[in-house]
Amino acid sequence: MTTGIGFIGLGNMGGPMAANLAKAGLRVQVFDLLPDHLIAARQAGCHCAASAAEAVAGCELVISMLPAGEHVVGLWLGDGSGNGGLLPVLAPNTLIIDCSTIDVASARAVGQAARVLGHRFIDAPVSGGVAGAVAGSLTFIVGGEAADFESARPVLGHMGQNLFHAGPLGAGQIAKMCNNMLLAIHMAGTAEALALGVKEGLDATVLSGIMAKSSGNNWSLERYNPWPGVMESAPASRGYSGGFMTRLMVKDLGLAMGLAEHAHSAVPMGALARNLFNLHASRGEGERDFSSIINLYREMT
Ligand code: NAD
């Protein structure tokens, strides 16, 4: 890489991801709307720009890590209110990597517009949460041309450990939505089983140990146990802080429902999970880790 990397969006995920690129010795030109995030990035060795356009100037690879589809479309294509997007100001043949979790239509719209202007684009949502972003151990789930995935591999490797090419443009978002819908379902199921067993007098740690060695085993039970105290490293054991917020799970389940509607695919379990997490969020739990869904069961019983 002869020129710098432009990085837009320095929130919970983007901040540590950009810091890992700087730590790897790359020149990272960053921008965020929030001054505090720019200050933290500067302390982590990034070069702060005064605008998004300045951050991507002269870069042959640019990364965005923004909340939702409207932000990604607004950044690259413009927001329709006179603020032009950044695609026209990029250097020719720039590789754009959008790591945000967004709807497939927005990812495809930006990718196709980028191609028309002579750029390359991959959708590359991540799994692994803030801890994975800090540790540089994220999983990247990529949609786009295989050659563009290979071009991105060295840079993604500074931020993640598992890099998957899911298929063509938009496939990264589709795979991410399928994964997170399944995650929501097995977390809710795990919470339901634990709440039932404890209500009937079992110890949560004993029951978890039994199910982990039986046919009910799953990632939520074994690696992210929702019952406080069963697993020291899990958010449940620190008041459900510092994990994957319930409101983000609700957002991802909404994206999965949109995908199912588009595909005319039945997702009854996903829809039920969405209702449960949405109800939980509406009771003021949106900022807590999603495994706190177990409190909904404990209150209901
Ligand atoms: P966040 O809200 O913490 O950060 C988003 C950042 O983007 C903010 O700092 C905001 O100021 C900035 N921003 C918004 N619009 C901008 C613009 N036009 N120009 C410059 N900066 C702009 O969100 P996050 O937790 O970092 O999540 C980012 C994405 O990653 C989301 O799509 C989320 O669903 C996904 N994700 C999050 C997690 C997680 O655990 N937090 C895990 C996996 C995936």
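The structure displayed is predicted, hence computed values, not measured ones. (Residues numbered from 1 in each chain as written. Predicted model: local features only at pLDDT ≥ 70, side-chain atom pairs only at ≥ 80, totals over all residues. Heavy atoms only, no water.)

1. Digging into the site of the ligand
Step number 1: Contacts to the ligand come from 24 residues, most closely from Met 13, Asp 32, His 37, Pro 67 and Lys 251.
Step number 2: Measuring from an oxygen atom of the ligand, one finds a side-chain N or O atom of Lys 251 at 2.8 Å.
Step number 3: Calculation on the ligand without its partners gives an accessible area of 840 Å², and the protein chains cover 87% of this total.
Step number 4: Listing elements by their share of the shell around the ligand, those giving two or more residues are helix 6 (129-135) and helix 11 (246-263). (Near = heavy atom within 4 Å. Polar contact = N/O pair within 3.5 Å; in protein donor to acceptor, adjacent residues only side chain to side chain. Areas by Shrake-Rupley, 256 points an atom, 1.4 Å probe, with all protein chains shown as cover. Helix = DSSP H or I, 4+ residues; strand = E, 2+ residues; numbered from the N terminus.)

2. Focus: the UniProt feature "active site" (unreviewed entry) in the protein
Step number 1: Per the UniProt annotation, the sites labelled "active site" (unreviewed entry) are Lys 176.
Step number 2: Tracing the sequence through the fold places Lys 176 in helix 8 (residues 171-199).
Step number 3: Judged by its relative accessible area of 7%, Lys 176 is buried.
Step number 4: With residues up to four places along the chain from it excluded, the contact list for Lys 176 reads Thr 101, Pro 125, Val 126, Ser 127, Ile 141 and Asp 252. (UniProt positions renumbered as here; feature names shortened; annotations may be inferred. Buried < 20%, exposed > 50% of the residue type's maximum accessible area, 1.4 Å probe, protein only. Contact = heavy atoms within 4.5 Å.)

3. Thoughts on the packing of aromatic side chains
Step number 1: All told, the structure shown has four aromatic pairs when counted by the stated rule.
Step number 2: When the centroid spacing of 5.1 Å and the interplanar angle of 25 degrees are considered together, the rings of Trp 219 and Tyr 224 count as stacked.
Step number 3: Where Tyr 224 meets Phe 290, the ring centres are 5.5 Å apart and the plane angle is 40 degrees; that geometry is what we call tilted. Pair noted here: Tyr 224 is in the loop between helix 10 (219-223) and helix 11 and Phe 290 is in the loop between helix 12 (268-285) and helix 13 (293-300), with a separation of 66 residues, a long-range link.
Step number 4: Given the relative accessible area of 14%, Tyr 224 is considered buried.
Step number 5: One aromatic cluster is present, built from ring pairs that chain together Trp 219, Tyr 224, Phe 244, Phe 277 and Phe 290.
Step number 6: The ring centre of Trp 227 lies 4.1 Å from the NZ or CZ of Arg 298, which sits over that ring. (Phe/Tyr/Trp six-rings, centres within 6.5 Å; stacked < 30°, edge-to-face > 60°. Lys NZ or Arg CZ within 6 Å of the ring centre and 35° of its normal.)

4. Re helix 1 (residues 14-23)
Step number 1: Counting buried residues in helix 1 gives nine out of 10 residues, a clear majority hidden from the surface.
Step number 2: If you check which residues of helix 1 are buried, you get Gly 14, Gly 15, Pro 16, Met 17, Ala 18, Ala 19, Asn 20, Leu 21 and Ala 22.
Step number 3: Once helix 1 ends, the next one or two residues include Gly 25, with phi positive near 95 degrees.

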